[in-house]
Each structure stands twice: as structure tokens, then as C-alpha cells.
Amino acid sequence: MQHSYRISRNQFIRLCTFLPFAIPDFRVDEDFILTVKGKIKPSELGSTLIHEHVLVDFIGADKITADRWNHDDVIKKVLPYLLEIKARGIKSMVECTPAYIGRDVKLLQKLSDLSGLNILTNTGFYGASDNKYLPALAFTETAEQLSSRWIAEFENGIDGTSIKPGFIKTGVNSGPLSDIHQKLIRAAALTHLKTGLTICSHTGPALPALQEIEILKTLGVSPAAFVWVHASGSNDDFLTTGKTGCWISLDGISEGSLAKNAELILFLKKNGFLKQILISHDAGWYRPGEPNGGDFRGYTAISDKLLPLLKEKGLKDSEIRQLMLVNPANAFKIGIRKI
Ligand SMILES: [Zn+2]
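Note that this is a predicted model, so its numbers are computed, not measured. (Residues numbered from 1 in each chain as written. Predicted model: local features only at pLDDT ≥ 70, side-chain atom pairs only at ≥ 80, totals over all residues. Heavy atoms only, no water.)

(A) Focus on helix α2 (residues 71–86). End to end, α2 covers 21 Å across 16 residues, agreeing with the expected 22 Å (1.5 Å per residue, within 8%). At valine 78, α2 is deflected by roughly 35°, the largest bend along its length, and proline proline 80 occurs up to four residues later in sequence. Taken together, the buried positions of α2 are His71, Val74, Ile75, Lys77, Val78, Leu79, Leu82 and Ile85. (Helix = DSSP H or I, 4+ residues; strand = E, 2+ residues; numbered from the N terminus. Expected span 1.5 Å × (residues − 1). Bend = angle between axes of the 7 residues up to and from the residue. Buried < 20%, exposed > 50% of the residue type's maximum accessible area, 1.4 Å probe, protein only.)

What follows is the structure, given as C-alpha cells:
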């Protein structure tokens, strides 16, 4: 006997009305983080280092090619450092090396497989260092054209792979924004509005950070979608910029800067910005062209030195958790944030 699957027009209308509620996973895509191995839930991110590097090649956008390094050599050097932080309970690393400075998503995927760490990579162009790392097309294309390249990486994958960016990385000089750097930030805003990717911009002082935030706001993007990378300045600068609602990235933590960073974290906490602080080392840096990748800086100062120091200074476990787990998950959760 044949079953008929035809339904009446009225049945169809009723089904359409109920369908979104009948499928509980209908809106599942709204809450996720993109790693080099695909989507994870924000709750799976765990303790995270939000600004680190595996490999950086400063030869310049016009000279860089992927055959300047060998995956096996890099893995041999870098994997022990990743296992070292995994043993300390770190679950994820945000790898901030942009295109044209050594972003290698296949290498990151291999390291993620071997270490068991979640690794995030990025899309975008880095204009800091006076545009040495910008490809020629960045000078001639419009913000819209640049953003469509970055959106394509989010939709289709990077460099012919299916590996997608988990955030946008841009970079600007430390003074007032030049025309081309303003364009990069407009392109980042347009990309955010299409993809919901968070914008991390190598910036430094508060002046260009505030200018970047102004551009984002003009295009309707909330400062909550912006990470002020390499945040530096006076306490006044921190308060003015923090009040916009942006993320404040204290990413230069090393054995030599523990006291200064601990003090800054306590100052920001006292002023109500604990939920906007992100911390990391900006370490790593396997350098192609140098013997055995040169001097590599490990990623352990936060676990081994900074967190015990913060506890000693009165930070509660819940506040450490806020810094290491909650803030990174909120910062890198994909979602369009409009003003
Ligand atoms: Zn960096």
C-alpha cells in the first residue's frame, strides 16, 4: 500500500507556524566559537590565552611565502610548549598571527590535533609597522572590497582549506589613524556586521583605540565587538577607553612585567572593568630563517606567576575564572553586536 505524504494548504500553514518551535536546535548557530577544527560551544573554550603566536615571519608582505618554513620543524619546536600549558589546565589559544606575517592555518590545525588545545585563527590585514605587512591590493581596494575577501574566508575557509577564522585581526600604527588604517577598520566593521566575528586590532595607545571605536560606532558596531590589543597608556586612558565597553587586552604579560600587570588588573577591577579584561603573553614566535626558529618564548608566566600573585593580592577564584574562562568565551563568541 502506498502512503501519501501530501498535506493540505491549511496543514502546511499550521506546520510553518509551529516549525521553529518544533525544532529546538533551530537557533543553535547563534552561540558558538570557531576554532581551526570547527565550531565549539563557548562553554567548551575553557581556560584561554587570548593573544599568542606560533610562528611569525617579519620578512614583509611582498616576500613572504609558505615554503619559508617546514611544518615538521615548527611542530618539533612548538608542540612541547603547547603541551606545557595544556598540563597547566589551559584549554584554548587564540593565535593572533595575521595573513602576510605567517598565518598558516594547516600548521595550526596539525598543532591543535597533536596538542588537544583549541586554536583560533583570524582573517583581516595588519597595517601597523607602517604598512610593511599589507599586500598591494590593500592600498587600491575599497573597504567593501577588503571586507568581502574577509567575509569569503569566514564563509568558505582560508587558503583553499575549510578552516575558518574565529576573529578578525587588524593592526594600526600607534598615532592618529592614517587614511588606510581607517579603511582597514571600516572593512573590519563591515565584516563584523556580516559575520559576527570579534575585531582584535593591534593598537597600543588609547588615542588610536578611541578613533577605531568611533569608526565602528559610525558604522553601527558596538565597542563590545572590539578588542583593544596591546592596551597601554595612563590610568585615565584606561578609564576613558574602558567606559566605551570595549575589551581591554593586557597581552604583554611576562616574568618581567608581573607586578605592573597585577597592579593594572587590580586598578581596572576597582573601577568596575573586571568583565572587560583579557590577559595573555603575546609569546611564542618561531621565526623562519633563524637557526631552529630562534628564541621561542613559552606561554607559562600567567599560570605559574601572575595568577598566584593575583591571588596573593586578594583576587578570588571566581575572579580568576572570570579572567581566564568567562571573559574569553564572551569576547570570542560569534555574534553581531550593534550599538
Ligand atoms: Zn601579537
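(B) Spotlight on the sheet that holds strand β10 (residues 247–250). Pairing in this open sheet of six strands is parallel, and the strands run β6-β7-β8-β9-β10-β11 from one edge to the other. Of all strands in the sheet, those bounded by a partner on one side alone are β6 (122–123) and β11 (277–279). The sheet contact formed by β6 and strand β7 (residues 167–171) spans two bridges and is parallel. Its bridge partner lying in β7, asparagine 122 is registered against phenylalanine 167. (Pairing = 2+ DSSP bridges.)

(C) Summary view of the sheet that holds strand β3 (residues 48–52). Read across the open sheet, the three strands follow the order β3-β4-β5; overall the sheet is parallel. Every other strand in the sheet has two partners, leaving β3 and β5 (118–120) as the edge strands with one partner each. Averaged over all neighbouring strand pairs, the angle between strand axes comes to 20°, with direction disregarded. Relative to strand β4 (residues 92–95), β3 runs parallel, the two sharing three bridges. When the sheet's bridge partners are listed, leucine 49 is paired in β4 with methionine 93. Strands β3, β4 and β5 of the sheet are contacted by helix α11 (residues 317–332), whose axis makes an angle of about 60° with β3. (Axes fitted to C-alpha atoms, helices over the stretch in contact; angles between N-to-C directions. Contact = heavy atoms within 4.5 Å.)

(D) Layout of the coordination of the zinc ion. For the zinc ion, the full set of protein donor atoms is His51 (NE2), His53 (NE2) and Asp282 (OD), and the range of their distances to it is 2.1 to 2.3 Å. Judged by its relative accessible area of 15%, aspartate 282 falls in the buried class. (Donors = N, O, S within 2.8 Å, 3.2 Å for Na, K, Ca; no water.)

(E) Quick look at the packing of helix α6 (residues 179–195) against helix α7 (residues 206–218). The contact between α6 and α7 brings their axes to 9 Å, and the two run at 45°. Comparing the axis directions of α6 and α7 gives the class oblique. The two elements α6 and α7 cross, and the hand of that crossing is right-handed. Along its contact with α6, which presents Gln182, Ile185, Arg186 and Ala189, the element α7 presents Glu212, Ile215 and Leu216. Each residue belonging to the contact of α6 with α7 can be placed in one class, and the counts come to four nonpolar, one polar and two charged. (Parallel < 35°, antiparallel > 145°, perpendicular 65-115°, else oblique. Left-handed = near helix turned anticlockwise from the far one by under 90°. Nonpolar A, V, L, I, M, F, W, Y, C, P; charged D, E, K, R; others polar.)

(F) Looking closely at the environment of isoleucine 248. Note on placement: isoleucine 248 falls in strand β10. Residues isoleucine 248 and phenylalanine 238, ten residues apart in the sequence, show an inter-C-alpha distance of 8.2 Å. Discounting chain neighbours no more than four positions away, the residues touching isoleucine 248 are Trp228, Ala231, Phe238, Gly242, Leu268, Phe273, Gln276, Ile277 and Leu278.

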